[in-house]
Amino acid sequence: MVAEAAGLPVLQPPRLRDPGWPERLRALGAEIAVVVAFGQILPQAVLDAPARGSINIHGSLLPRYRGAAPIQWAIIRGETVTGITTFQMDAGMDTGPILLQADTPIGPEETAGELSERLAPLGARVILETLARLDTLRATPQPAGGATLAPRLKKSDGGLDWRRPARDLVNLVRGCNPWPGATTSTPAGPLAVWRARAVDGAGAPGTLIAHERTLAIATGAGALLPVEVQPESRRAIAWDEYLRGARLTAGRTLTA
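Here is a short report on the structure shown in this document.

Criteria and thresholds
- Residues numbered from 1 in each chain as written.
- Predicted model: local features only at pLDDT ≥ 70, side-chain atom pairs only at ≥ 80, totals over all residues.
- Heavy atoms only, no water.
- Buried < 20%, exposed > 50% of the residue type's maximum accessible area, 1.4 Å probe, protein only.
- Helix = DSSP H or I, 4+ residues; strand = E, 2+ residues; numbered from the N terminus.
- Contact = heavy atoms within 4.5 Å.
- Phe/Tyr/Trp six-rings, centres within 6.5 Å; stacked < 30°, edge-to-face > 60°.
- Polar contact = N/O pair within 3.5 Å; in protein donor to acceptor, adjacent residues only side chain to side chain.
- Core = buried A, V, L, I, M, F, W, Y, C linked by side-chain atoms within 4.5 Å.
- Salt bridge = Lys/Arg side-chain N within 4 Å of Asp/Glu carboxyl O.

## Observations regarding helix H6 (residues 166-175)
In terms of burial, H6 is largely enclosed, as eight of its 10 residues are buried. All of the buried residues along H6 are Ala166, Leu169, Val170, Asn171, Leu172, Val173, Arg174 and Gly175. In this structure, the buried residues of H6 make contact with helix H4 (70-76), helix H5 (112-132), strand E5 (182-186), strand E6 (189-199) and strand E9 (223-231).

And the structure:
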């Protein structure tokens, strides 16, 4: 780790609610704590251990997308703008008063993994500015309305329900890349869809239909054209390559 290489002490508590940790953290004499993707709701005693409390860097424009997976859910729900928020932490889940925010557009084909990589340097800039201006920044309570939740994703969240509109399914594919992956069942076996586009087309949801020189999948509104897919226990490949190997034809049906 970078901190260990620099000779800094590294503590890795399994649970900060365990007895003794607030006292150990307070003994460090830190002025402020910066929390990034820690994965636990910290008790107030831990948040108050630094003299000036604790600041969190969050990957959304709070109060939208409070929770463990804000980047993924923003894409899944079709947002076109997201950003970084720094806020003074309290005992709630991402509910503390806002210090600074910076927004950024979400690309129409951008995946959760790609957006995460792009938000990382933006988050670094925002937290550095927050710390530099801490003496003059005024923490602003989050608006009472407009809050949404972004719970941790489960494997089952990636299931492609072909009754939904194609645009929604494309967003699901993007938001579930790289984990847990958007999945479907085909006559040739399970299939993960890593990239896809919404195209014109109609048919019974889940049915393979002709689209230009290839096949698309009919949905509840429009059709989904996979771009990159991965059969079970194989590498990711182009959709047309998969169709040739799987020998799927128009009229065959896929299920969630």
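That covers the picture; the talk isn't over yet.
## Some remarks on the packing of aromatic side chains
Within this structure, the stated rule accounts for one aromatic pair. Geometrically, the ring pair formed by Trp239 and Tyr242 is stacked, given 5.8 Å between the ring centres and 25 degrees between the ring planes. Of this pair, Trp239 and Tyr242 are both found in helix H7 (residues 239-246), three residues apart, which corresponds to roughly one turn of the helix. Each member of the pair Trp239 and Tyr242 is classed as buried.

## Considerations on the side chain of Asp157
In this structure, Asp157 sits in the loop between H5 and H6. Reaching out from Asp157, the side chain makes a polar contact with the backbone nitrogen of Lys154 at a distance of 2.7 Å. Apart from the residues within four sequence positions on either side, Asp157 is in contact with Trp73, Arg152, Leu172 and Cys176.

## What about the nonpolar core?
Core analysis: the biggest nonpolar cluster contains 52 residues, and Leu160, Trp239 and Tyr242 have the highest contact counts within it. If you tally residues by element for this core, the top one is H5, at six residues. Formed by 10 residues, the second largest nonpolar core is a distinct cluster that contains Leu16, Leu42, Val46 and Leu47.

## Here's the deal with the side chain of Thr111
Tracing the chain through its elements places Thr111 in the loop between strand E4 (98-105) and H5. Of the residues examined, Thr111 reaches a relative accessible area of 2% and is grouped as buried. Discounting residues that sit within four places of it in the chain, Thr111 has contacts with Ile75, Arg174, Asn177 and Arg195.

## Quick word on unusual backbone geometry
As a rule of thumb, non-glycine residues mostly have phi less than zero, and peptide bonds are mostly trans rather than cis. Cis geometry marks the peptide bond from Leu62 to Pro63, where omega comes out at 15 degrees. Tracing the sequence through the fold places Pro63 in the loop between strand E2 (54-58) and H4. The omega torsion across Asn177 and Pro178 is 25 degrees, close enough to zero to call that bond cis. Of note, Pro178 is situated in the loop between H6 and E5. Non-glycine residue Ser233 carries a positive phi angle of around 65 degrees. Its place among the elements puts Ser233 in the loop between E9 and strand E10 (237-238).

## Thoughts on the pattern of salt bridges
Counted according to the given criterion, the structure contains 11 salt bridges. The salt bridge involving Arg118 is made with Glu110; its shortest N-O contact spans 2.8 Å. What makes Glu110 buried here is its relative accessible area of 11%. Close ionic contact of Glu114 with Arg195 constitutes a salt bridge, the shortest N to O distance being 2.6 Å. One end of the pair, Glu114, is in helix H5; the other, Arg195, is in strand E6, and 81 residues separate them in sequence. A relative accessible area of 32% places Glu114 in the partly exposed class. Under the relative-accessibility criterion, Arg195 is labelled partly exposed at 32%.

## Observations regarding the environment of Arg235
With respect to the helices and strands, Arg235 occurs in the loop between E9 and E10. When neighbours within four sequence positions are excluded, Arg235 is seen to be in contact with Val229, Gln230 and Glu241. Side chain to side chain, Arg235 and Glu241 meet in a polar contact 2.9 Å long.

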